[in-house]
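Breakdown of the fold
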Amino acid sequence: MLPEKKQVLIVDDEPNLRKILSAQLSRDGYDVLTAEDGERGLMQLREHHIDLVITDLKMPKVDGMTLLKKALEEEPELPVVLITAHGTIDTAVEALKSGAFDFVTKPFDKDEVRQIVAKALKTRELRGTDATSTSAADGARFGIIGTSPGILDLYAILERVADTPTTVLITGESGTGKELVARALHEHSSRKDKPFIKVNCAAIPKELIESELFGYERGAFTGAVTSKPGRFELANGGTLFLDEIGEIPIEMQVKLLRALQESEFERVGGIKTIRVDVRLVAATNRDLKRLIANGSFREDLFYRLNVVPIRLPALRERTSDIPLLVGHFLTKFNERLRKRVEGVEQDAMDVLVQYAWPGNIRELENVIERAVLFCDTQRIRSTDLPLEIRGMPALANVPLPQADLQAALAGEGGLKEHVKVAMSRLEKELVSRALQQTGGNVTHAARLLKISRKGLQLKMKELGLREPSTDKPD
Ligand SMILES: Nc1ncnc2c1ncn2[C@@H]1O[C@H](COP(=O)(O)OP(=O)(O)OP(=O)(O)O)[C@@H](O)[C@H]1O
Ligand SMILES: [Mg+2]
């Protein structure tokens, strides 16, 4: 497949700036759209598939900050780069806090913008198509929902450590709420009016991590036409959240360790030592002990980070929280999608509680969003849930063929015959599940069942299974 041209939207009320920037970016091979104010910018965003937005801060009608927030509400992963005339750290921090990818200060150099654009698009690509992280609106709420023992323990730890300068290491599978907890720690500390700065270590290209964290001085490398503070400096007085810390390159780990131990560092290309007061929270879904064992994570850094460990339980370890979470997300998506879904039917709730949730709360959140969107009755029914979730009740809940059992015990037919019937039921059950799980793909299902494709086809014929999606257990 040929790479498609990326679409960049430039929003600025200054015609000259729009012209220069769009000429430059077109030359660099992007498709460029422009808008002269935030209102038109938002319209463009709704009408086109935009990969990146560059917007001025001060504009008539809808300003850049509002544009940023609205754009992220609709598409949380959209990289937005702000142009600020004032260049104060405050505005920059405010923008980064609201989820901007980066900022440039006027007057800026074309090369600086080109670099940021390339970096933002690369970052987005690295993140893949998973457009589901927290939006600005979620961030505002900071509610951690749950009453299961694991979550009650969490509240207790939060209470104890939130308002301390102690470093916290949050671990847990993907989607268990690590970022939510990191933000809660910040919000419940006396640093809450200072910046919360997040760095996703997995999303920043390896060679840019150092300048991203520690900033750089003018002339430090080609393209460094101005100097720029790093995330440590921006987080001064507040909290620095190093997400996916397990991905940080080993060469950077020594520098990070020193910055943490001594609270001081130098910008790239700089000689001045900079001191900051930053509370550090780190998170990972990797097993750091294992990374240490295979030499990709430094043990000394681990101990420096793991002062207070918080392990977030997987959703399947706390199914009792599911109804509460479902209620929470119903309210959220009713509001956001302007719907009035009142609740969840029992059969649908049973399905939700039984499913294994490999993607944890984020997956549950997505399923509820989808269900709310498609639901046209007052309550969500199991048919509003995606097939891969409802197709798999726990094995223990497959109804036993009571009639067969009774017939056997009433002396009709012999043991052998009944066992044969039961076996073929079980066979049918497993084959149709395998097909469901693989979306009806016979080759994949055969691999799963460890039989040949041909064998599976024969089996399906024998069992009367043709259309996997319509053949449900009775
Ligand atoms: N206890 C909770 N109550 C309410 N919402 C929650 C809870 N835990 C997580 N969420 C929501 O689930 C989603 C995923 O959470 P979050 O982004 O914090 O997970 P994560 O552990 O950082 O995931 P990843 O490892 O994929 O980055 C978010 O929208 C978050 O608001
Ligand atoms: Mg996260």
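Note that the structure is a prediction, hence the values are computed from the model and not measured.

Reading the values: rules and limits
Residues numbered from 1 in each chain as written. Chains lettered and ligands numbered in written order. Predicted model: local features only at pLDDT ≥ 70, side-chain atom pairs only at ≥ 80, totals over all residues. Heavy atoms only, no water. pLDDT = per-residue confidence, 0-100. Contact = heavy atoms within 4.5 Å. Buried < 20%, exposed > 50% of the residue type's maximum accessible area, 1.4 Å probe, protein only. Helix = DSSP H or I, 4+ residues; strand = E, 2+ residues; numbered from the N terminus. Pairing = 2+ DSSP bridges. Near = heavy atom within 4 Å. Polar contact = N/O pair within 3.5 Å; in protein donor to acceptor, adjacent residues only side chain to side chain. Areas by Shrake-Rupley, 256 points an atom, 1.4 Å probe, with all protein chains shown as cover. Nonpolar A, V, L, I, M, F, W, Y, C, P; charged D, E, K, R; others polar. Right-handed = clockwise from strand over helix to strand, strands pointing away. Axes fitted to C-alpha atoms, helices over the stretch in contact; angles between N-to-C directions. Patch = residues over 30% accessible without salt bridge, like charges linked within 9 Å, V, L, I, M, F, W, Y side chains within 5 Å. Salt bridge = Lys/Arg side-chain N within 4 Å of Asp/Glu carboxyl O. Parallel < 35°, antiparallel > 145°, perpendicular 65-115°, else oblique. Left-handed = near helix turned anticlockwise from the far one by under 90°.

As a general rule, the predicted coordinates of low-pLDDT regions are not to be interpreted in detail. Averaged over the protein, the pLDDT score is 84; the fraction of residues at 70 or greater is 87%. Taken as a whole, residues 128-142 scores under 50 in pLDDT and shows 26 contacts with residues more than four places along the chain or in a different chain.

On to the pairing of strand β7 (residues 196-200), then. Look at any regular strand and the pattern is simple: side chains alternate between the two faces of the sheet. Burial within β7 is extensive, with four of its five residues counted as buried. In this structure, β7 lies alongside strand β10 (residues 239-243), joined through five bridges in parallel fashion. Looking at β10, one finds that N200 is bridged to D243.

Attention shifts here to the site of ligand 1. Taken together, 20 residues form the shell around ligand 1, and within it I145, G175, K178, R362 and E365 come nearest. Here T176 contributes a backbone N or O atom positioned 3.3 Å from an oxygen atom of ligand 1. Here ligand 1 loses 94% of its free accessible area of 630 Å² to cover by the protein chains. At the level of secondary structure, the elements contributing two or more residues to the shell around ligand 1 comprise α8 (178-187), α14 (322-337) and α16 (360-374). In the shell around ligand 1, the residues fall into six nonpolar, eight polar and six charged.

This paragraph deals with the pairing of strand β4 (residues 80-84). Of all the five residues making up β4, five are buried; the element is thus mostly covered by neighbouring parts of the structure. Relative to β4, strand β3 (residues 52-56) is paired through four bridges, and the arrangement is parallel. The residue of β4 that forms the bridge with I54 is V81. In the classification by handedness, the crossover that spans β3, the intervening helix α3 (residues 64-74) and the parallel β4 is right-handed. Relative to strand β5 (residues 102-105), β4 runs parallel, the two sharing four bridges. Following the sheet pairing, L82 is matched in β5 by F103.

Mapped onto the secondary structure, K192 falls in the loop between α8 and β7. For K192, a relative accessible area of 40% puts it in the partly exposed group. Between the C-alpha atoms of K192 and G238, which are 46 residues apart in sequence, the distance is 7.1 Å. Those residues in contact with K192 that sit more than four places away from it in its chain are H186 and E187.

The parallel open sheet is built from five strands, whose spatial order is β7-β10-β13-β6-β14. Two strands bound the open sheet, and with one partner strand each, they are β7 and β14 (308-311). Each neighbouring strand pair of the sheet contributes to a mean axis angle of 20°, computed without reference to strand direction. Summarising the sheet, β10 and strand β13 (residues 279-284) pair through four bridges and their orientation is parallel. The partner of T239 across the bridge, within β13, is R279. The strands touched by helix α7 (residues 149-161) are β6 (168-171), β13 and β14; relative to β14, the strand with the most contacts, the crossing angle is about 155°. Against the sheet, α8 contacts β6, β7, β10, β13 and β14, and its axis sits at roughly 155° relative to β6.

A contiguous nonpolar patch, built from L415, V419, M423, L426, L430, L448, L449 and I451 and spanning about 710 Å² of accessible area, is present on the exposed surface. Breaking the nonpolar patch down by element, the ones donating at least two residues are α19 (415-437) and α20 (442-449). Element by element, the count of residues in the nonpolar patch is highest for α19, at five residues.

Further remarks concern the packing of α19 against α20. Look at α19 against α20: their axes get within 8 Å of each other, and the N-to-C directions meet at 125°. It follows from the interaxial angle that α19 and α20 lie oblique. Helix-helix and strand crossings are classified by hand; for α19 and α20 the assignment is right-handed. In this structure, α19 contributes L430, V431, A434, L435 and Q437 to the contact, and α20 contributes V442, A445, L448 and L449. Residue classes in the contact of α19 with α20 are distributed as eight nonpolar, one polar and no charged.

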